[in-house]
Amino acid sequence: MSHFLHAPSWSKLWRYLYPHHQQCISCAHSIIASSVYDGLCHACASRIPWIMKPQCKVCGRSIYCEDCQRQAMQRRSFLLNRSAVRYNTDIRSWLAAYKYRGNERYEGVFGQLMVEGYYRLQAELSTHFGFEWSPAWITSVPASTNRLQERGFDQAEQMARWLAADIKLPYLPLLERTRQTMKQSEQGRQERIRSMAGVFSYSTMAGSLVQDVLQRHHEPYGYINRISSYIASPAVPMQAPSLQTNQSLRVPVQLEDERDANRVIPILLIDDIYTTGSTIHNCALALHELGAQCCVKFQVISLTCARS
């Protein structure tokens, strides 16, 4: 006992008196008092690089963004992106521990980051439009088969499911990958844009999932399409390249009146990191293709954990 008391760190005494005392998953220091974020000490939680006031209305970057001024971004298939945090050294380390080393204790941290990011997005849009904005449902960017086998889980799906459960909205797995791609971290900007073209399609069950949600919703879904006025360069859905069309998925939705034909259904698309926007753009193309097959209009807004 005397040897224990003379240990260099008094945290050993704390762990003796309080056996459930935890260590921070980031810095490994003892968590003396519980943090708002499960598994993080107050010091690490205080360093979370929140994006409080996005400077770019398109991608949500915290500084001026030259990428979103490019002509190609005028033809993007999603309306806007918002990210909860900046992709700094801490976030890169946490994501690596979660994605590549399978540290499941980070799942709650990233889930909480997404929830806070969502409420900031909701407050921003609700303030602008004068009504409480909310998506009809949540979906996510699908991981490739190889990544799924390597990691055993899809981090974007886990984040999306956590958020959906917290805000009590349906999570619909609507997308799938049509081919494997190189890791985004190993490619430059132009390589990423080229490699992601035509990678995503809607899944076999997507039409049935959408139909089920629409039929269970008694009021007209969505809102009159004036949301694109929020940004200077509205999203213009492009023709989806080489997406397989399945006529059996065509699901006519009964419209109450002519006004409903102008309604759009807001969809929240979740991913872990926003870099060039090419992944979000190509996922949104597939979702617009699905909307056309279901005879409804989708408005795709993305929420990512981090903005690089």
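The rules behind the values
Sequence order as written defines the numbering, with residues in each chain counted from 1. Given that the model is predicted, a residue must reach a pLDDT of at least 70 before its local features are reported, and side-chain atom pairs must reach 80 or more before they are shown or counted; all residues, however, enter totals for whole chains, interfaces and linings. To obtain the side-chain values, all non-hydrogen atoms of the structure were included, while hydrogens and water were left out. Secondary structure is summarised from DSSP: a helix means a run of H or I of at least four residues, a strand means a run of E of at least two, and numbering begins at the N terminus for each. When accessible area is computed with a 1.4 Å probe and restricted to protein chains, residues below 20% of their type maximum are described as buried, those above 50% as exposed, and intermediate ones as partly exposed. For this analysis, residues touch if any pair of their heavy atoms sits within 4.5 Å. The method behind every accessible area is Shrake-Rupley, applied with a 1.4 Å probe, and residues are considered shielded solely by the protein chains displayed. Pairing of aromatic rings covers Phe, Tyr and Trp, the last counted by its six-membered ring, and requires centre-to-centre distances within 6.5 Å; plane angles under 30 degrees mean stacked, over 60 mean edge-to-face, and any other angle means tilted. Distance and angle both matter: a charge sits over a ring if NZ of Lys or CZ of Arg is within 6 Å of the ring centre and within 35 degrees of the ring normal. Given a helix with a known number of residues, its expected span is that number minus one, times 1.5 Å. Note on terminology: pairs of cysteine sulfur atoms within 2.5 Å are recorded as disulfides. Helix axes are fitted to C-alpha atoms over the stretch in contact, other axes to C-alpha atoms as well, and angles between N-to-C directions run from 0 to 180 degrees. Roughly parallel here means an angle under 35 degrees, roughly antiparallel means over 145, roughly perpendicular means 65 to 115, and every remaining angle is called oblique. In this scheme, a crossing is called left-handed if the near helix is turned counterclockwise away from the far one by less than a right angle; it is called right-handed if the turn is clockwise. Polar here means any residue outside two lists: the nonpolar Ala, Val, Leu, Ile, Met, Phe, Trp, Tyr, Cys and Pro, and the charged Asp, Glu, Lys and Arg; Gly therefore counts as polar. The salt bridge criterion pairs a side-chain nitrogen of Lys or Arg with a carboxyl oxygen of Asp or Glu, the two atoms within 4 Å.

A.B. asks: How do you make sense of the overall build of the protein when you look at a structure like this?
C.D. replies: Tallying secondary structure elements over the protein gives 10 helices and 7 strands in all. For the protein, the proportion of its 308 residues judged to be buried stands at 50%. Partitioning the intrachain contacts of the protein with sequence separation of at least 6 by distance along the chain shows that 74% fall at a separation of at least 24. For the protein, the accessible surface area stands at approximately 15700 Å², while carbon and sulfur atoms represent 51% of it.

A.B. asks: Please explain the packing of aromatic side chains as it appears in this structure.
C.D. replies: Aromatic ring pairs are defined here through the distance separating the ring centres and the angle between the ring planes. Per the stated rule, a full pass over the model turns up 10 aromatic pairs. Relative to Y119, the ring of Y118 has its centre 5.4 Å away and its plane inclined at 65°; by these criteria the two rings are edge-to-face. The exposure class of Y118 is buried, given its relative accessible area of 2%. Through a chain of ring-to-ring contacts, three or more aromatic side chains come together here, namely W94, Y98, Y106, F110 and F153. Residue placement shows R120 over the ring face of W50; its charged tip is 4.7 Å from the ring centre.

A.B. asks: Sorry, what's going on with unusual backbone geometry here?
C.D. replies: Glycine aside, residues mostly have negative phi angles, and peptide bonds mostly take the trans form. Phi is positive for K168, close to 60°, though the residue is something other than glycine. Within the element layout of this structure, K168 appears in the loop between helix 7 (155–167) and strand 3 (175–177). Located in the positive-phi region is C295, a residue other than glycine, with phi close to 60°. Position of C295 relative to the elements: it lies in the loop between helix 10 (278–293) and strand 7 (298–307).

A.B. asks: So what exactly am I meant to see when it comes to helix 10 here?
C.D. replies: Since the α-helix turns once every 3.6 residues, residues separated by three or four places project in the same direction. In this model helix 10 runs 23 Å from its N-terminal to its C-terminal C-alpha over 16 residues, within 8% of the 22 Å that 1.5 Å per residue would give. Counting buried positions along helix 10 gives 15 out of 16 residues, so the element sits mostly inside the fold. Immediately beyond the C-terminal end of helix 10, within one or two residues, lies C295, with a positive phi of roughly 60°.

A.B. asks: Would you explain the state of the cysteines in this entry?
C.D. replies: Two cysteines whose sulfur atoms are joined by a covalent bond form what is called a disulfide. Following the criterion strictly, the structure yields 0 disulfides and no others. No disulfide involves C41; its sulfur sits 3.6 Å from the nearest other cysteine sulfur, which is in C44. For C41, a relative accessible area of 7% puts it in the buried group. We classify C44 as buried; its relative accessible area is 1%.

A.B. asks: Would you explain the packing of helix 5 (residues 106–129) against helix 7 in this entry?
C.D. replies: If you want to describe how two helices pack, look at the angle between their axes and the distance between the axes. Between helix 5 and helix 7, the shortest axis-to-axis distance is 9 Å and the interhelical angle comes to 60°. Our classification of the angle between helix 5 and helix 7 gives oblique. Two packed elements cross with a definite hand, and for helix 5 against helix 7 that hand is right-handed. From helix 5, E107, G108, F110, G111, Q112, M114, V115, Y118 and Y119 reach across to helix 7, where they touch Q158, M159, W162, L163, D166 and I167. Here the residues of the contact of helix 5 with helix 7 are counted per class, giving 9 nonpolar, 4 polar and 2 charged.

A.B. asks: I would appreciate a short explanation of the pattern of salt bridges in the present structure.
C.D. replies: Opposite charge on two side chains lets them pair, provided their charged atoms get close. Inspection of every chain in the model, using the stated rule, returns 7 salt bridges. Here R161 makes a salt bridge to E157, at a shortest N to O gap of 2.8 Å. Here E157 and R161 lie together in helix 7, a separation of 4 residues that amounts to about one turn. Here E157 falls in the partly exposed class, since its relative accessible area comes to 22%.

A.B. asks: Which parts of the structure should I look at to understand the environment of R61?
C.D. replies: Mapped onto the elements, R61 comes out in the loop between helix 3 (42–46) and strand 1 (80–86). R61 gets classed as partly exposed once you look at its relative accessible area, which sits at 24%. With 20 residues separating them along the chain, R61 and N81 place their C-alpha atoms 8.8 Å apart. Not counting the four nearest positions on each side in its chain, R61 is found in contact with P54, Q55, C56, R307 and S308.

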